[in-house]
Amino acid sequence: MLETHLRLATTLNLLSSGRITAPEAEARLRGPVAHHVADPDGLLGLDPLTGSPVRLALARAERLGPTVWVLLLPEPGRAAGLRGPAPVTTAAIDAGAVVVSHSPVLDGRALAWIGQGVGPAVQWRLWAADRVVLPDDPREATRMLQAELLASAEALTQLDAATGTRPEHLAAPTLGPAYDERAQHLLDRAWLLLEACEQGLADASEVLHSHAVLERERHLRSLAGAARFAVSSAVSWPTVALA
């Protein structure tokens, strides 16, 4: 669901900045998959008892005014910028991703979207969230990713432990016209590294002793965390001013 949340964040940033309309946003988000939105608390004034078409939710979100939509990738033990409330943080950790407005657009609260696959479709659930902490900008995230990559590569070389087969034909999503080349370049690099780390963690090693296996896993998880942070940074800093 990472790519689905990423596409929602970039689509909402295009919509919020007036670069596309709600119908265009729906077409960009949906692709071949149907999307519906659950709004049990009536945050966007949708039917609280049943799922609504995503176009209606996008049109209502457009009326909230200009804001930056942030992609956060929380994990157990790491809220990744979320400040609560607890049910939102728990749901976001379970999903592995959340898209949330940086500005408080709901009477002092931010609006969060958390999606999950339901058969061939995507079901979004809307939440009222506390204002989030914006991730570091792409320049700083690039520096951090490079430092982590060098440290992990050195450690893995000393262990004589490869990260796994290099992923092939893995193109990162295109951020779109609300973003500059720096953000896209960072996403491209982080996307490939994240896939390489996940593939490396999935590969069972039969030649390394137990200490080396644990060290290899530790470094790969650290590098994967830096790559996830970089993905969040690339998506969360469009070339529109923060509201």
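Keep in mind the model is a prediction, meaning the values are calculated, not measured.

A. Molecular detail of the side chain of Glu26. Here Glu26 lies in helix 2 (residues 22-30). Its relative accessible area of 10% is what places Glu26 among the buried residues. In this structure the side chain of Glu26 is engaged in a polar contact, spanning 2.7 Å, whose partner is the side chain of Arg55. Beyond its immediate chain neighbours, meaning those up to four positions away, Glu26 contacts Val54, Arg55 and Leu58.

B. Looking closely at the confidence of the model for the chain. Overall, the predicted model of the chain reaches an average pLDDT of 88, with 88% of residues at or above 70. Confidence, expressed as mean pLDDT per element, reaches its minimum in the chain at helix 5 (residues 138-159) with 84 and its maximum at strand 4 (residues 98-101) with 98.

C. Quick peek at the sheet that holds strand 4. Taking strand neighbours across the sheet as the criterion, the six strands line up as 2-1-6-5-4-3 in an open arrangement whose pairing is mixed. Two strands bound the open sheet, and with one partner strand each, they are strand 2 (52-53) and strand 3 (69-72). On top of the sheet, helix 1 (residues 2-16) reaches strand 1 (35-38), strand 3, strand 4, strand 5 (110-118) and strand 6 (121-129); it is set at about 165° to strand 3, its chief contact.

D. Structural view of the pairing of strand 1. Inspection of the sheet shows strand 1 paired to strand 6 by four bridges, in the parallel sense. Each residue of the ladder has a partner; that of His36, found in strand 6, is Gln123. Bridge count for strand 1 against strand 2 is two bridges, and the pairing is antiparallel. The residue bridging His36 from the neighbouring strand is Pro53, located in strand 2.

What counts as what
- In this numbering scheme, every chain counts its residues from 1 along its sequence in written order.
- Totals for whole chains, interfaces and linings use all residues, but because this is a predicted model, local features are given only for residues with pLDDT of at least 70 and pairs of side-chain atoms are given and counted only at 80 or more.
- Only hydrogens and water are set aside; all other atoms, that is, all heavy atoms of the structure, feed into the side-chain values.
- Strands here are runs of E lasting at least two residues and helices are runs of H or I lasting at least four, both read from the DSSP assignment and numbered beginning at the N terminus.
- Only protein chains enter the accessibility calculation, which uses a 1.4 Å probe; a residue whose area is less than 20% of its type maximum is buried, one above 50% is exposed, and one in between is partly exposed.
- As used in this structure description, the phrase polar contact means that two N or O atoms lie within 3.5 Å; if the pair is within protein, one of them must be able to donate a hydrogen and the other to accept it, and residues adjacent in sequence are counted only when both atoms belong to side chains.
- Residues are treated as being in contact if the distance between any of their heavy atoms lies within 4.5 Å.
- Think of pLDDT as the predictor's per-residue confidence, scored from 0 to 100.
- For two strands to pair, DSSP has to find at least two bridges joining them.
- Axis definition: a line fitted to C-alpha atoms, limited for helices to the stretch in contact. Angles are taken between N-to-C directions and run from 0 to 180 degrees.

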